Amino acid sequence: MAELAGLVQRLEAAVGRLEAVSGSGGQGKTTTAVNVEAYDDIIAGPVAQYLSLSQQIGGDVQKHADMMKKAITCQRQLLVTASCSQKPSDAVLTALLQPVSKVIQEVQAFREQNRSSPLFNHLSAVSESVPALGWVAMAPKPGPYVKEMHDAAMFYSNRVLKDYKEKDKKHVDWVRAYMSIWTEIQKYIKDHHTTGLNWSKSGPVASAPGAPAGGCPPPPPPGPPPPVMDLSGSSGGNSGPDERNALFASINKGGDITKGLKHVSDDEKTHKNPSLRTQGTAAVRTGPKPFSSAPRPAASATPTRTLPPVLELDGKKWKVENQEGAQGLVISDTELKQVVYAFKCNQSTLQVKGKINSITLDNCKKLGLVFDDVVGIVEVINCRDVKIQVMGKIPTISINKTDGCHVYLSQDSLECEIISAKSSEMNILVPNKDGEYSEIPVPEQFKTVWDGKKLVTTATEIAG
(Lines give C-alpha, C1' and ligand atoms only; values in the text may rest on other atoms or scores of the structure.)
Protein backbone atom coordinates (compact mmCIF):
# COMPACT_ATOMS: atom_id res chain seq x y z
CA MET A 1 0.00 0.00 0.00
CA ALA A 2 2.85 2.34 0.86
CA GLU A 3 4.51 1.58 -2.48
CA LEU A 4 1.25 2.47 -4.31
CA ALA A 5 0.98 5.79 -2.46
CA GLY A 6 4.60 6.64 -3.36
CA LEU A 7 3.95 5.79 -7.01
CA VAL A 8 0.90 8.09 -7.08
CA GLN A 9 2.93 10.92 -5.54
CA ARG A 10 5.66 10.52 -8.15
CA LEU A 11 3.08 10.54 -10.97
CA GLU A 12 1.53 13.75 -9.60
CA ALA A 13 4.95 15.43 -9.46
CA ALA A 14 5.69 14.38 -13.06
CA VAL A 15 2.32 15.75 -14.24
CA GLY A 16 3.02 19.03 -12.44
CA ARG A 17 6.35 19.40 -14.18
CA LEU A 18 4.80 18.71 -17.59
CA GLU A 19 2.07 21.28 -16.98
CA ALA A 20 4.66 23.87 -15.95
CA VAL A 21 6.69 23.28 -19.13
CA SER A 22 3.54 23.36 -21.28
CA GLY A 23 2.31 26.59 -19.69
CA SER A 24 5.61 28.40 -20.10
CA GLY A 25 6.03 27.34 -23.72
CA GLY A 26 9.20 25.30 -23.31
CA GLN A 27 12.54 25.58 -21.61
CA GLY A 28 13.88 28.15 -24.11
CA LYS A 29 11.20 30.69 -23.33
CA THR A 30 11.58 30.17 -19.60
CA THR A 31 15.25 31.19 -19.86
CA THR A 32 14.36 34.22 -21.95
CA ALA A 33 11.67 35.24 -19.49
CA VAL A 34 14.35 35.30 -16.82
CA ASN A 35 16.24 37.80 -18.98
CA VAL A 36 13.27 40.12 -19.09
CA GLU A 37 12.64 39.71 -15.39
CA ALA A 38 16.25 40.66 -14.66
CA TYR A 39 15.79 43.80 -16.75
CA ASP A 40 12.60 44.55 -14.81
CA ASP A 41 14.65 44.39 -11.62
CA ILE A 42 16.86 47.19 -12.97
CA ILE A 43 13.76 49.23 -13.83
CA ALA A 44 12.33 48.69 -10.36
CA GLY A 45 15.69 49.52 -8.73
CA PRO A 46 18.09 52.24 -9.92
CA VAL A 47 15.82 53.42 -12.77
CA ALA A 48 12.89 54.00 -10.40
CA GLN A 49 15.18 55.79 -7.95
CA TYR A 50 16.58 57.98 -10.73
CA LEU A 51 13.08 58.89 -11.94
CA SER A 52 11.93 59.68 -8.40
CA LEU A 53 14.89 61.98 -7.68
CA SER A 54 14.51 63.64 -11.08
CA GLN A 55 10.91 64.43 -10.23
CA GLN A 56 12.03 65.95 -6.93
CA ILE A 57 14.62 68.13 -8.68
CA GLY A 58 12.08 69.08 -11.34
CA GLY A 59 12.60 71.41 -14.29
CA ASP A 60 14.68 70.25 -17.22
CA VAL A 61 15.96 67.24 -15.25
CA GLN A 62 12.43 65.90 -14.88
CA LYS A 63 11.67 66.44 -18.59
CA HIS A 64 14.89 64.63 -19.47
CA ALA A 65 13.99 61.78 -17.13
CA ASP A 66 10.61 61.37 -18.85
CA MET A 67 12.46 60.88 -22.14
CA MET A 68 14.79 58.35 -20.53
CA LYS A 69 11.80 56.44 -19.16
CA LYS A 70 10.42 56.24 -22.68
CA ALA A 71 13.76 55.00 -24.03
CA ILE A 72 14.08 52.29 -21.39
CA THR A 73 10.49 51.20 -22.02
CA CYS A 74 11.20 50.88 -25.75
CA GLN A 75 14.27 48.78 -25.01
CA ARG A 76 12.30 46.48 -22.73
CA GLN A 77 9.82 45.90 -25.55
CA LEU A 78 12.72 44.93 -27.79
CA LEU A 79 13.95 42.45 -25.17
CA VAL A 80 10.46 40.93 -24.97
CA THR A 81 10.44 40.56 -28.77
CA ALA A 82 13.84 38.88 -28.71
CA SER A 83 12.68 36.49 -25.98
CA CYS A 84 10.01 34.94 -28.19
CA SER A 85 11.37 35.47 -31.71
CA GLN A 86 14.31 34.40 -33.79
CA LYS A 87 16.83 36.98 -35.00
CA PRO A 88 15.54 38.74 -38.15
CA SER A 89 17.39 40.17 -41.13
CA ASP A 90 19.49 43.31 -40.77
CA ALA A 91 16.80 45.45 -42.38
CA VAL A 92 14.12 44.27 -39.97
CA LEU A 93 16.52 44.57 -37.03
CA THR A 94 17.15 48.20 -37.96
CA ALA A 95 13.40 48.84 -37.91
CA LEU A 96 13.12 47.19 -34.49
CA LEU A 97 15.93 49.38 -33.13
CA GLN A 98 14.39 52.56 -34.54
CA PRO A 99 12.15 53.44 -31.53
CA VAL A 100 15.11 53.35 -29.12
CA SER A 101 17.32 55.25 -31.55
CA LYS A 102 14.69 57.95 -32.00
CA VAL A 103 14.36 58.58 -28.27
CA ILE A 104 18.16 58.69 -27.88
CA GLN A 105 18.25 61.46 -30.46
CA GLU A 106 15.48 63.32 -28.61
CA VAL A 107 17.43 63.11 -25.35
CA GLN A 108 20.56 64.52 -26.98
CA ALA A 109 18.63 67.23 -28.84
CA PHE A 110 16.98 68.37 -25.59
CA ARG A 111 20.39 68.97 -24.06
CA GLU A 112 21.56 71.00 -27.08
CA GLN A 113 18.40 73.12 -26.97
CA ASN A 114 18.92 73.95 -23.28
CA ARG A 115 22.58 74.87 -23.08
CA SER A 116 21.71 77.87 -20.89
CA SER A 117 19.88 75.71 -18.34
CA PRO A 118 21.18 75.94 -14.75
CA LEU A 119 21.02 72.13 -14.75
CA PHE A 120 23.13 71.80 -17.89
CA ASN A 121 25.62 69.46 -16.21
CA HIS A 122 22.76 67.09 -15.29
CA LEU A 123 21.50 67.15 -18.88
CA SER A 124 25.01 66.60 -20.23
CA ALA A 125 25.66 63.60 -17.98
CA VAL A 126 22.54 61.93 -19.37
CA SER A 127 23.11 63.03 -22.97
CA GLU A 128 26.70 61.78 -23.07
CA SER A 129 25.80 58.32 -21.75
CA VAL A 130 22.37 57.61 -23.26
CA PRO A 131 23.95 56.01 -26.40
CA ALA A 132 24.71 53.09 -24.08
CA LEU A 133 21.15 51.91 -24.78
CA GLY A 134 22.47 50.96 -28.21
CA TRP A 135 24.27 47.96 -26.68
CA VAL A 136 21.64 45.72 -28.29
CA ALA A 137 23.37 46.33 -31.64
CA MET A 138 26.95 46.13 -30.35
CA ALA A 139 27.85 42.46 -30.85
CA PRO A 140 30.12 40.83 -29.87
CA LYS A 141 31.14 43.16 -26.99
CA PRO A 142 28.12 45.08 -25.70
CA GLY A 143 29.42 45.23 -22.13
CA PRO A 144 32.60 47.25 -22.85
CA TYR A 145 30.54 49.63 -24.98
CA VAL A 146 28.27 50.43 -22.03
CA LYS A 147 31.38 50.92 -19.89
CA GLU A 148 32.69 53.51 -22.37
CA MET A 149 29.41 55.45 -22.28
CA HIS A 150 29.41 55.24 -18.48
CA ASP A 151 32.88 56.78 -18.40
CA ALA A 152 31.81 59.50 -20.86
CA ALA A 153 29.19 60.71 -18.36
CA MET A 154 31.62 60.92 -15.47
CA PHE A 155 33.04 64.28 -16.57
CA TYR A 156 29.68 66.01 -16.09
CA SER A 157 28.50 63.86 -13.20
CA ASN A 158 31.63 64.82 -11.26
CA ARG A 159 30.84 68.46 -11.87
CA VAL A 160 27.37 67.94 -10.42
CA LEU A 161 28.94 66.33 -7.35
CA LYS A 162 31.35 69.22 -7.05
CA ASP A 163 28.60 71.85 -7.27
CA TYR A 164 26.12 70.20 -4.88
CA LYS A 165 28.10 68.07 -2.43
CA GLU A 166 27.91 70.86 0.18
CA LYS A 167 24.56 72.31 -0.93
CA ASP A 168 21.94 69.68 -1.71
CA LYS A 169 22.40 65.96 -1.05
CA LYS A 170 19.47 65.22 -3.36
CA HIS A 171 21.62 65.99 -6.42
CA VAL A 172 24.39 63.77 -5.08
CA ASP A 173 21.91 60.91 -4.72
CA TRP A 174 20.65 61.65 -8.23
CA VAL A 175 24.15 61.15 -9.66
CA ARG A 176 24.65 57.89 -7.79
CA ALA A 177 21.25 56.55 -8.86
CA TYR A 178 21.76 57.47 -12.51
CA MET A 179 25.30 56.11 -12.76
CA SER A 180 24.22 52.89 -11.05
CA ILE A 181 21.81 52.27 -13.95
CA TRP A 182 24.74 51.67 -16.30
CA THR A 183 26.62 49.68 -13.70
CA GLU A 184 23.66 47.32 -13.30
CA ILE A 185 23.13 47.08 -17.06
CA GLN A 186 26.77 46.01 -17.43
CA LYS A 187 26.16 43.18 -14.94
CA TYR A 188 22.91 42.31 -16.70
CA ILE A 189 24.68 42.06 -20.07
CA LYS A 190 27.41 39.90 -18.59
CA ASP A 191 24.83 37.47 -17.17
CA HIS A 192 22.39 37.27 -20.10
CA HIS A 193 23.78 38.88 -23.28
CA THR A 194 27.55 38.44 -23.10
CA THR A 195 28.24 38.47 -26.85
CA GLY A 196 25.18 40.41 -27.99
CA LEU A 197 21.40 40.47 -27.78
CA ASN A 198 20.19 36.93 -27.04
CA TRP A 199 17.44 35.88 -29.47
CA SER A 200 15.17 32.89 -29.09
CA LYS A 201 16.20 29.66 -30.83
CA SER A 202 12.59 28.80 -31.59
CA GLY A 203 9.43 30.65 -32.49
CA PRO A 204 8.74 32.86 -35.53
CA VAL A 205 11.31 35.21 -37.01
CA ALA A 206 10.87 38.71 -35.62
CA SER A 207 9.11 41.16 -37.92
CA ALA A 208 9.21 44.93 -38.14
CA PRO A 209 6.58 46.89 -36.18
CA GLY A 210 3.35 47.04 -38.13
CA ALA A 211 4.45 44.39 -40.68
CA PRO A 212 2.06 41.47 -41.29
CA ALA A 213 3.17 38.07 -40.04
CA GLY A 214 2.92 36.49 -43.51
CA GLY A 215 5.53 38.73 -45.08
CA CYS A 216 5.10 41.66 -47.46
CA PRO A 217 1.57 42.55 -48.63
CA PRO A 218 0.66 41.71 -52.25
CA PRO A 219 1.19 44.47 -54.80
CA PRO A 220 -1.84 46.64 -55.65
CA PRO A 221 -3.89 45.66 -58.73
CA PRO A 222 -3.05 47.44 -62.01
CA GLY A 223 -4.93 50.63 -62.80
CA PRO A 224 -7.73 50.88 -65.38
CA PRO A 225 -6.80 51.09 -69.08
CA PRO A 226 -6.58 54.57 -70.64
CA PRO A 227 -9.77 55.93 -72.26
CA VAL A 228 -10.26 55.21 -75.96
CA MET A 229 -9.25 58.15 -78.14
CA ASP A 230 -12.13 59.82 -79.93
CA LEU A 231 -10.95 60.30 -83.50
CA SER A 232 -14.16 61.87 -84.61
CA GLY A 233 -13.79 65.01 -82.50
CA SER A 234 -11.53 68.02 -83.09
CA SER A 235 -7.86 67.72 -82.28
CA GLY A 236 -7.34 71.05 -80.54
CA GLY A 237 -9.17 74.10 -79.26
CA ASN A 238 -12.64 74.88 -80.58
CA SER A 239 -11.70 74.73 -84.26
CA GLY A 240 -14.45 73.27 -86.33
CA PRO A 241 -14.66 71.73 -89.81
CA ASP A 242 -14.87 75.16 -91.54
CA GLU A 243 -11.50 76.29 -90.17
CA ARG A 244 -9.88 73.00 -91.17
CA ASN A 245 -11.22 73.32 -94.72
CA ALA A 246 -9.90 76.91 -94.94
CA LEU A 247 -6.46 75.74 -93.86
CA PHE A 248 -6.31 73.01 -96.51
CA ALA A 249 -7.58 75.46 -99.18
CA SER A 250 -4.72 77.85 -98.38
CA ILE A 251 -2.19 75.06 -98.64
CA ASN A 252 -3.59 73.99 -102.02
CA LYS A 253 -2.90 77.46 -103.48
CA GLY A 254 0.70 76.46 -104.12
CA GLY A 255 2.86 79.41 -105.21
CA ASP A 256 -0.06 81.84 -104.90
CA ILE A 257 -0.01 81.50 -101.12
CA THR A 258 2.69 84.23 -100.88
CA LYS A 259 0.70 86.85 -102.78
CA GLY A 260 -0.73 88.24 -99.56
CA LEU A 261 2.70 89.03 -98.09
CA LYS A 262 4.02 92.62 -98.07
CA HIS A 263 7.21 93.32 -100.01
CA VAL A 264 10.06 94.79 -97.94
CA SER A 265 12.51 97.01 -99.84
CA ASP A 266 16.24 97.08 -99.13
CA ASP A 267 16.10 100.45 -97.36
CA GLU A 268 13.66 98.98 -94.83
CA LYS A 269 15.81 95.98 -93.98
CA THR A 270 17.65 96.40 -90.68
CA HIS A 271 20.50 94.06 -91.58
CA LYS A 272 21.34 96.31 -94.57
CA ASN A 273 20.66 99.56 -92.70
CA PRO A 274 21.96 99.23 -89.09
CA SER A 275 20.94 102.82 -88.34
CA LEU A 276 17.29 101.74 -88.33
CA ARG A 277 17.93 99.73 -85.13
CA THR A 278 18.57 102.91 -83.12
CA GLN A 279 15.83 105.02 -84.67
CA GLY A 280 12.36 105.14 -83.31
CA THR A 281 10.76 105.79 -86.68
CA ALA A 282 10.99 102.21 -87.79
CA ALA A 283 9.57 99.74 -85.36
CA VAL A 284 11.76 96.73 -85.24
CA ARG A 285 9.93 93.57 -84.36
CA THR A 286 11.78 91.19 -82.22
CA GLY A 287 11.74 87.58 -83.13
CA PRO A 288 10.87 84.74 -80.81
CA LYS A 289 13.13 84.11 -77.87
CA PRO A 290 15.67 81.39 -78.32
CA PHE A 291 14.69 77.99 -77.07
CA SER A 292 15.28 77.43 -73.37
CA SER A 293 14.72 74.13 -71.68
CA ALA A 294 12.30 73.93 -68.81
CA PRO A 295 13.91 74.34 -65.40
CA ARG A 296 15.09 71.03 -64.13
CA PRO A 297 13.97 69.94 -60.68
CA ALA A 298 16.58 70.22 -58.00
CA ALA A 299 18.59 67.07 -57.73
CA SER A 300 17.93 65.09 -54.61
CA ALA A 301 20.64 65.25 -52.02
CA THR A 302 23.02 62.38 -52.40
CA PRO A 303 23.38 60.24 -49.33
CA THR A 304 26.41 60.98 -47.20
CA ARG A 305 29.15 58.48 -47.87
CA THR A 306 30.61 56.96 -44.73
CA LEU A 307 34.36 56.82 -44.94
CA PRO A 308 36.37 54.21 -43.04
CA PRO A 309 38.03 55.33 -39.79
CA VAL A 310 41.77 56.00 -39.97
CA LEU A 311 44.44 55.93 -37.26
CA GLU A 312 47.88 55.62 -38.84
CA LEU A 313 51.30 57.23 -39.13
CA ASP A 314 51.90 58.67 -42.60
CA GLY A 315 55.49 59.85 -42.71
CA LYS A 316 55.72 62.39 -39.89
CA LYS A 317 51.96 62.89 -39.59
CA TRP A 318 49.62 60.90 -37.38
CA LYS A 319 46.27 60.80 -39.23
CA VAL A 320 43.15 60.34 -37.11
CA GLU A 321 40.11 60.56 -39.39
CA ASN A 322 36.40 59.64 -39.52
CA GLN A 323 36.24 58.24 -36.00
CA GLU A 324 32.65 57.85 -34.73
CA GLY A 325 32.03 57.09 -31.07
CA ALA A 326 35.58 55.78 -30.64
CA GLN A 327 36.54 55.96 -26.99
CA GLY A 328 40.09 55.33 -25.86
CA LEU A 329 42.08 56.23 -28.98
CA VAL A 330 45.74 56.41 -27.95
CA ILE A 331 48.88 57.54 -29.80
CA SER A 332 51.83 56.50 -27.67
CA ASP A 333 54.85 55.91 -29.92
CA THR A 334 55.58 59.58 -30.69
CA GLU A 335 58.61 61.65 -31.64
CA LEU A 336 59.36 65.36 -31.39
CA LYS A 337 59.25 65.88 -35.17
CA GLN A 338 55.79 64.31 -35.59
CA VAL A 339 52.43 66.07 -35.83
CA VAL A 340 48.85 64.87 -35.21
CA TYR A 341 45.96 65.77 -37.52
CA ALA A 342 42.43 64.79 -36.42
CA PHE A 343 39.71 65.26 -39.04
CA LYS A 344 35.94 64.62 -38.70
CA CYS A 345 36.13 62.73 -35.45
CA ASN A 346 32.82 62.77 -33.55
CA GLN A 347 31.99 61.73 -29.99
CA SER A 348 35.44 60.25 -29.49
CA THR A 349 38.41 60.63 -27.16
CA LEU A 350 42.05 60.86 -28.22
CA GLN A 351 45.15 60.71 -25.98
CA VAL A 352 48.58 61.69 -27.29
CA LYS A 353 51.47 60.57 -25.10
CA GLY A 354 55.00 61.95 -25.11
CA LYS A 355 56.32 65.17 -26.65
CA ILE A 356 55.15 66.09 -30.13
CA ASN A 357 55.49 69.04 -32.53
CA SER A 358 51.85 70.12 -33.07
CA ILE A 359 48.23 68.94 -32.99
CA THR A 360 45.36 70.05 -35.26
CA LEU A 361 41.64 69.36 -34.75
CA ASP A 362 39.61 70.00 -37.90
CA ASN A 363 35.82 69.57 -38.29
CA CYS A 364 35.45 67.55 -35.10
CA LYS A 365 32.39 67.38 -32.84
CA LYS A 366 32.33 66.37 -29.19
CA LEU A 367 35.94 65.25 -29.28
CA GLY A 368 38.02 64.97 -26.13
CA LEU A 369 41.79 65.50 -26.51
CA VAL A 370 44.37 64.78 -23.80
CA PHE A 371 48.08 65.30 -24.50
CA ASP A 372 51.35 65.52 -22.59
CA ASP A 373 53.64 68.08 -24.25
CA VAL A 374 53.49 70.08 -27.49
CA VAL A 375 56.44 72.26 -28.49
CA GLY A 376 54.59 74.12 -31.25
CA ILE A 377 50.87 74.84 -31.36
CA VAL A 378 47.50 73.17 -30.89
CA GLU A 379 44.99 74.38 -33.51
CA VAL A 380 41.21 73.95 -33.28
CA ILE A 381 39.43 74.75 -36.56
CA ASN A 382 35.73 74.43 -37.49
CA CYS A 383 34.96 72.32 -34.44
CA ARG A 384 32.07 72.10 -32.01
CA ASP A 385 31.93 71.07 -28.34
CA VAL A 386 35.53 69.93 -28.00
CA LYS A 387 37.49 69.50 -24.76
CA ILE A 388 41.26 69.78 -24.51
CA GLN A 389 43.31 68.83 -21.46
CA VAL A 390 47.01 69.73 -21.14
CA MET A 391 49.02 67.40 -18.92
CA GLY A 392 52.42 69.03 -19.52
CA LYS A 393 53.45 72.17 -21.40
CA ILE A 394 52.03 74.00 -24.43
CA PRO A 395 53.11 77.47 -25.67
CA THR A 396 50.11 78.37 -27.89
CA ILE A 397 46.55 77.24 -28.49
CA SER A 398 44.69 78.64 -31.51
CA ILE A 399 40.87 78.45 -31.75
CA ASN A 400 39.21 79.44 -35.05
CA LYS A 401 35.60 79.15 -36.25
CA THR A 402 34.67 76.94 -33.31
CA ASP A 403 31.53 76.86 -31.14
CA GLY A 404 32.20 75.37 -27.75
CA CYS A 405 35.76 74.72 -26.58
CA HIS A 406 36.94 73.87 -23.03
CA VAL A 407 40.67 73.99 -22.35
CA TYR A 408 42.04 72.46 -19.12
CA LEU A 409 45.47 73.83 -18.34
CA SER A 410 48.08 72.23 -16.09
CA GLN A 411 50.31 74.00 -13.59
CA ASP A 412 53.17 73.91 -16.13
CA SER A 413 51.08 75.43 -18.95
CA LEU A 414 49.68 78.54 -17.20
CA GLU A 415 51.81 80.78 -19.44
CA CYS A 416 50.10 79.40 -22.56
CA GLU A 417 48.81 81.95 -25.10
CA ILE A 418 45.20 81.52 -26.26
CA ILE A 419 44.51 82.99 -29.72
CA SER A 420 40.88 82.95 -30.88
CA ALA A 421 38.93 84.20 -33.90
CA LYS A 422 35.31 83.82 -35.02
CA SER A 423 34.60 81.46 -32.11
CA SER A 424 32.14 81.29 -29.21
CA GLU A 425 31.57 79.47 -25.91
CA MET A 426 35.26 79.22 -25.10
CA ASN A 427 36.27 78.52 -21.52
CA ILE A 428 39.72 78.15 -19.96
CA LEU A 429 39.90 76.06 -16.78
CA VAL A 430 42.82 76.94 -14.53
CA PRO A 431 43.90 74.57 -11.71
CA ASN A 432 43.76 75.78 -8.10
CA LYS A 433 45.95 74.78 -5.19
CA ASP A 434 43.34 72.30 -3.93
CA GLY A 435 43.28 70.43 -7.25
CA GLU A 436 39.97 71.92 -8.42
CA TYR A 437 39.56 74.06 -11.53
CA SER A 438 38.40 77.66 -11.93
CA GLU A 439 36.44 78.19 -15.16
CA ILE A 440 37.13 81.49 -16.95
CA PRO A 441 35.30 82.43 -20.17
CA VAL A 442 37.23 83.86 -23.12
CA PRO A 443 35.79 87.27 -24.17
CA GLU A 444 33.61 87.28 -27.26
CA GLN A 445 32.55 90.95 -27.29
CA PHE A 446 34.97 93.81 -27.93
CA LYS A 447 35.01 97.60 -27.99
CA THR A 448 37.20 99.51 -30.48
CA VAL A 449 37.97 103.26 -30.23
CA TRP A 450 40.26 105.70 -32.02
CA ASP A 451 42.77 107.30 -29.65
CA GLY A 452 44.02 109.86 -32.17
CA LYS A 453 46.82 107.68 -33.53
CA LYS A 454 45.52 104.13 -33.82
CA LEU A 455 42.56 101.87 -33.10
CA VAL A 456 42.47 100.48 -29.59
CA THR A 457 40.42 97.33 -28.95
CA THR A 458 39.49 96.08 -25.49
CA ALA A 459 37.28 93.24 -24.28
CA THR A 460 33.90 94.17 -22.81
CA GLU A 461 32.02 92.29 -20.15
CA ILE A 462 28.46 91.33 -21.01
CA ALA A 463 26.08 92.65 -18.40
CA GLY A 464 24.21 90.05 -16.38
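Definitions and limits used
- Residues numbered from 1 in each chain as written.
- Predicted model: local features only at pLDDT ≥ 70, side-chain atom pairs only at ≥ 80, totals over all residues.
- Heavy atoms only, no water.
- Helix = DSSP H or I, 4+ residues; strand = E, 2+ residues; numbered from the N terminus.
- Contact = heavy atoms within 4.5 Å.
- Expected span 1.5 Å × (residues − 1).
- Bend = angle between axes of the 7 residues up to and from the residue.
- Buried < 20%, exposed > 50% of the residue type's maximum accessible area, 1.4 Å probe, protein only.
- Pairing = 2+ DSSP bridges.
- Axes fitted to C-alpha atoms, helices over the stretch in contact; angles between N-to-C directions.
- Phe/Tyr/Trp six-rings, centres within 6.5 Å; stacked < 30°, edge-to-face > 60°.
- Polar contact = N/O pair within 3.5 Å; in protein donor to acceptor, adjacent residues only side chain to side chain.
- Salt bridge = Lys/Arg side-chain N within 4 Å of Asp/Glu carboxyl O.
- Parallel < 35°, antiparallel > 145°, perpendicular 65-115°, else oblique.
- Left-handed = near helix turned anticlockwise from the far one by under 90°.
- Nonpolar A, V, L, I, M, F, W, Y, C, P; charged D, E, K, R; others polar.

A. Representation of the side chain of Ser 127. Structurally, the position occupied by Ser 127 is in helix H5 (residues 120-129). Not counting chain neighbours up to four residues away, the residues in contact with Ser 127 comprise His 64, Val 107, Gln 108 and Arg 111.

B. The arrangement of helix H4 (residues 90-113) in detail. Given a rise of 1.5 Å per residue, 24 residues ought to cover 34 Å, and the 33 Å separating the end C-alpha atoms of H4 matches this to within 8%. The sharpest bend along H4 comes to roughly 45 degrees, located at Gln 98, with the proline Pro 99 sitting one to four residues further on. If you check which residues of H4 are buried, you get Leu 93, Leu 96, Leu 97, Val 100, Val 103, Ile 104, Val 107, Gln 108, Phe 110 and Arg 111. Among the structural elements, helix H3 (59-84), H5, helix H6 (142-164), strand E5 (346-356) and strand E7 (365-374) are those in contact with the buried residues of H4.

C. Seen up close, the sheet that holds E5. Spatially, seven strands are ordered E3-E5-E7-E9-E11-E13-E14 in an open sheet, and the strand pairing comes out mixed. Each edge of the open sheet is held by one strand with a lone partner, namely strand E3 (329-331) and strand E14 (437-441). For this sheet, the mean inter-axis angle between neighbouring strands, taken without regard to orientation, is 15 degrees. As judged from the five bridges shared by strand E13 (residues 424-431) and E14, these two strands associate in the antiparallel manner. Looking across to E14, one finds that Pro 431 is bridged to Tyr 437.

D. Focus on the side chain of Thr 396. Within the element layout of this structure, Thr 396 appears in strand E10 (residues 396-400). In this view, Thr 396 contacts Gly 376, Ile 377, Val 378, Cys 416, Glu 417 and Ile 419; residues no more than four positions away in its chain are not counted.

E. Focus on the packing of aromatic side chains. In total, this model carries 11 aromatic pairs according to the counting rule given. Summarising the aromatic geometry, the rings of Phe 120 and Tyr 156 are spaced 6.4 Å apart at their centres and angled 90 degrees between planes, so their arrangement reads as edge-to-face. In this pair, Phe 120 is assigned in helix H5 and Tyr 156 in helix H6, connecting sequence segments 36 residues apart. Judged by relative accessible area, Phe 120 falls into the buried class, the value being 16%. Summarising the aromatic geometry, the rings of Tyr 178 and Trp 182 are spaced 6.0 Å apart at their centres and angled 90 degrees between planes, so their arrangement reads as edge-to-face. Remark: Trp 182 and Tyr 178 occur in helix H7 (residues 169-192); sequence separation between them is four residues, near one turn of the helix. For Tyr 178, a relative accessible area of 1% puts it in the buried group.

F. Spotlight on the environment of Ser 157. Note on placement: Ser 157 falls in helix H6. The sequence separation of Ser 157 and Met 179 amounts to 22 residues, and the corresponding C-alpha distance is 8.4 Å. Discounting chain neighbours no more than four positions away, the residues touching Ser 157 are Ala 125, Val 175 and Met 179. Side-chain polar atoms of Ser 157 contact the backbone oxygen of Met 154, separated by 3.1 Å.

G. Main features of the sheet that holds strand E1 (residues 310-314). Spatial strand order, E1-E2-E4-E6-E8-E10-E12: seven strands in an open sheet with mixed pairing. Both outer strands of the open sheet, E1 and strand E12 (417-421), are each paired with one neighbouring strand and no more. For this sheet, the mean angle separating the axes of adjacent strands, direction not counted, is 10 degrees. Of the strand pairs in this sheet, E1 and strand E2 (residues 317-321) are connected by five bridges, and their pairing is antiparallel. The partner of Leu 313 across the bridge, within E2, is Trp 318.

H. Broad picture of the pattern of salt bridges. This model, assessed by the stated rule, comprises 17 salt bridges. Arg 384 is the salt-bridge partner of Glu 112, the closest N and O atoms lying 3.4 Å from each other. Here the residue Glu 112 occupies a position in helix H4, and Arg 384 occupies one in strand E9 (residues 384-390), the gap between them amounting to 272 residues. In this structure, Glu 335 and Lys 337 form a salt bridge, with 3.9 Å as the shortest nitrogen-oxygen distance. The exposure class of Glu 335 is partly exposed, given its relative accessible area of 38%.

I. Main features of the environment of Lys 141. Note that Lys 141 resides in the loop between H5 and H6. Residue classification places Lys 141 among the exposed residues on the basis of a relative accessible area of 59%.

J. Focus on H5. The element H5 is extensively covered by neighbouring structure, given that 10 of its 10 residues are classed as buried. Every buried residue of H5 is accounted for by Phe 120, Asn 121, His 122, Leu 123, Ser 124, Ala 125, Val 126, Ser 127, Glu 128 and Ser 129.

K. Molecular detail of the packing of H5 against H6. Look at H5 against H6: their axes get within 7 Å of each other, and the N-to-C directions meet at 165 degrees. By the criterion of interaxial angle, the relationship of H5 to H6 is roughly antiparallel. Handedness of the crossing formed by H5 with H6: left-handed. On H6, the residues that touch Phe 120, Asn 121, His 122, Ser 124, Ala 125, Glu 128 and Ser 129 of H5 are Met 149, Ala 152, Ala 153, Tyr 156, Ser 157, Arg 159, Val 160, Asp 163 and Tyr 164. Along the lines of polarity and charge, the residues of the contact of H5 with H6 split into eight nonpolar, five polar and three charged.

Scope: geometric values only; no functional claims are made or implied.
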